[in-house]
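Residue-level structure breakdown
Here's the letter readout for the chains.
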Amino acid sequence: AAPDMEVVLANTGPKPGLLSGGDETERPILISPLGPVIRSGLPLFRWQGIPNANDYRLVVEHSGTNFAKLDVGTATNLSWSGGEPFLIPGETFTWHIETTVRGQLKSSVPASLYLLRINQLSELQQLERDGQGSAIFLMALYESWGLYDEAANELEEIRRFNPTNQTVSRIAGELQRCRGGETAR
């Protein structure tokens, strides 16, 4: 059964990586997590940088207010650690990346993340044990829970063994749309 949770999607504007009326390279592109659900309160944030960008800043918001702003230099990933405020289980956050190019602020399209509560995580882990060894089962499980990044990982395993299968290709397209459209990979 899918978890009992409220997920508020923040990326209601252009698809990640697309800039209205502009060039796609004009803003950072979020890679992961694209959720909308995550299991760890210490996620690895990854994005595609842009040419001529000065230092990047990771911005995390909760309930419409600033939760954390972290300057990350020129890196295009950040592993959330115990030094930052912990993400709160059962809560929804949004994140995006900001940078400056030639004096202009450039910001990625935000993505929304819901962090599973402890009881939800326990239920998910039991279901994972039940389906252990089946990439198809795990992909479907993760997709039904909104764990799209994890579903995509299982799908890659399935594609490795079924590279020309049309059904697998169709599922890959559907999962990509669920994850927010076009992303850098």
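This one's a predicted model, so the numbers in the text were calculated from it and none came from an experiment.

1. Remarks on the overall build of the chain
Counting secondary structure elements, the chain contains 4 helices and 9 strands. Listing the helices and strands of the chain from first to last along the sequence gives β-β-β-β-β-β-β-β-β-α-α-α-α. Counting only residues that meet the buried cut, the chain has 42% of its 185 residues in that class. Summarising the internal contacts of the chain: among those between residues at least 6 apart in sequence, 60% fall at separations of at least 24. Entry remark: accessible area of the chain is about 9,700 Å², with carbon and sulfur atoms responsible for 50%.

2. Details of helix H4 (residues 166-178)
Because the α-helix completes a turn every 3.6 residues, residues three or four places apart line up on one side. Between its first and last C-alpha, H4 extends 19 Å over 13 residues, near the 18 Å set by a 1.5 Å rise per residue. Looking only at H4, the buried set comprises Val168, Ala172 and Leu175. With its buried residues spanning 70 degrees around the axis, H4 presents them on a single face. Facing away from the buried side of H4 by more than 90 degrees, the exposed set consists of Gln166, Arg170 and Arg177. In the core, the buried residues of H4 are packed alongside helix H2 (135-145) and helix H3 (148-161). Here H4 starts with a cap whose side-chain oxygen sits 2.8 Å from the backbone nitrogen of threonine 167, and that cap is asparagine 165.

3. Details of the packing of H2 against H3
Look at H2 against H3: their axes get within 8 Å of each other, and the N-to-C directions meet at 160 degrees. With respect to each other, H2 and H3 are oriented roughly antiparallel. Our pair here, H2 against H3, has a crossing hand that is left-handed. Only Tyr148, Glu150, Ala151, Glu154, Leu155, Glu157 and Ile158 of H3 make contact with H2, whose side of the interface consists of Ala135, Ile136, Leu138, Met139, Tyr142 and Glu143. When grouped by side-chain class, the residues that make up the contact of H2 with H3 number 9 nonpolar, no polar and 4 charged.

4. A closer look at the packing of H3 against H4
Any two packed helices are characterised by how steeply their axes cross, that is the angle between the axes, and by the distance between the axes. Relative orientation of the contacting elements H3 and H4 amounts to 160 degrees, with a least axis distance of 10 Å. Classified by the angle their axes make, H3 and H4 are roughly antiparallel. At the point where H3 passes H4, the crossing takes the left-handed sense. Taken together, the residues of H4 that come into contact with H3 (itself represented by Tyr148, Ala151, Ala152, Leu155, Ile158 and Arg159) are Val168, Ile171, Ala172, Leu175 and Cys178. A breakdown of the residues in the contact of H3 with H4 according to their chemical character gives 10 nonpolar, no polar and 1 charged.

5. Structural notes on the environment of serine 81
Tracing the sequence through the fold places serine 81 in the loop between strand S6 (77-79) and strand S7 (92-101). The sequence separation of serine 81 and leucine 42 amounts to 39 residues, and the corresponding C-alpha distance is 5.8 Å.

6. Overview of the side chain of glutamate 154
By secondary structure assignment, the location of glutamate 154 is in helix H3. For glutamate 154, which is buried and forms no salt bridge, the nearest opposite charge comes from arginine 39, at a distance of 8.3 Å. Once you skip the residues sitting within four places of it in the chain, glutamate 154 turns out to touch Ala135, Leu138, Met139 and Tyr142.

What counts as what
Along each chain, residues carry numbers from 1 onward, in the same order as the chain's sequence is written. Since the coordinates come from a predicted model, pLDDT governs what is reported: local features require at least 70, and pairs of side-chain atoms require 80 or more to be given and counted, while whole-chain, interface and lining totals use all residues. As a convention, hydrogens and water are excluded, and side-chain values are obtained from all of the structure's heavy atoms. Each helix is a run of DSSP H or I of at least 4 residues and each strand a run of E of at least 2, with the numbering of both proceeding from the N terminus. The cut-offs for exposure are 20% and 50% of the maximum accessible area for each residue type, with area from a 1.4 Å probe on protein chains only; residues under the lower value are buried, those over the upper are exposed, and the others partly exposed. Any two residues having at least one pair of non-hydrogen atoms within 4.5 Å are treated as being in contact. Note on areas: these come from Shrake-Rupley sampling with a 1.4 Å probe, and a residue is covered only by the protein chains present in the view. In a helix, the anticipated span is given by 1.5 Å times the number of residues less one. Along the arc lie the directions from the helix axis toward the C-beta atoms. Pairing of N or O atoms within 3.5 Å defines a polar contact, subject to two protein rules: one partner must be a possible hydrogen donor and the other a possible acceptor, and residues neighboring in sequence count only if both atoms are side-chain atoms. Under this scheme, a helix contributes an axis fitted over its contacting stretch, all axes are lines through C-alpha atoms, and angles between N-to-C directions fall in the 0 to 180 degree range. Small angles under 35 degrees read as roughly parallel and large ones over 145 as roughly antiparallel, with 65 to 115 read as roughly perpendicular and the rest as oblique. Should the near helix be turned anticlockwise from the far one by less than a right angle, the crossing is left-handed, and should it be turned clockwise, the crossing is right-handed. Any residue that is not Ala, Val, Leu, Ile, Met, Phe, Trp, Tyr, Cys, Pro, Asp, Glu, Lys or Arg is counted as polar, Gly included; the first ten are nonpolar and the last four charged. Asp and Glu count as negative and Lys and Arg as positive, but His and the ends of the chain are not part of the count. Here a salt bridge means any side-chain nitrogen of Lys or Arg lying within 4 Å of a carboxyl oxygen belonging to Asp or Glu.

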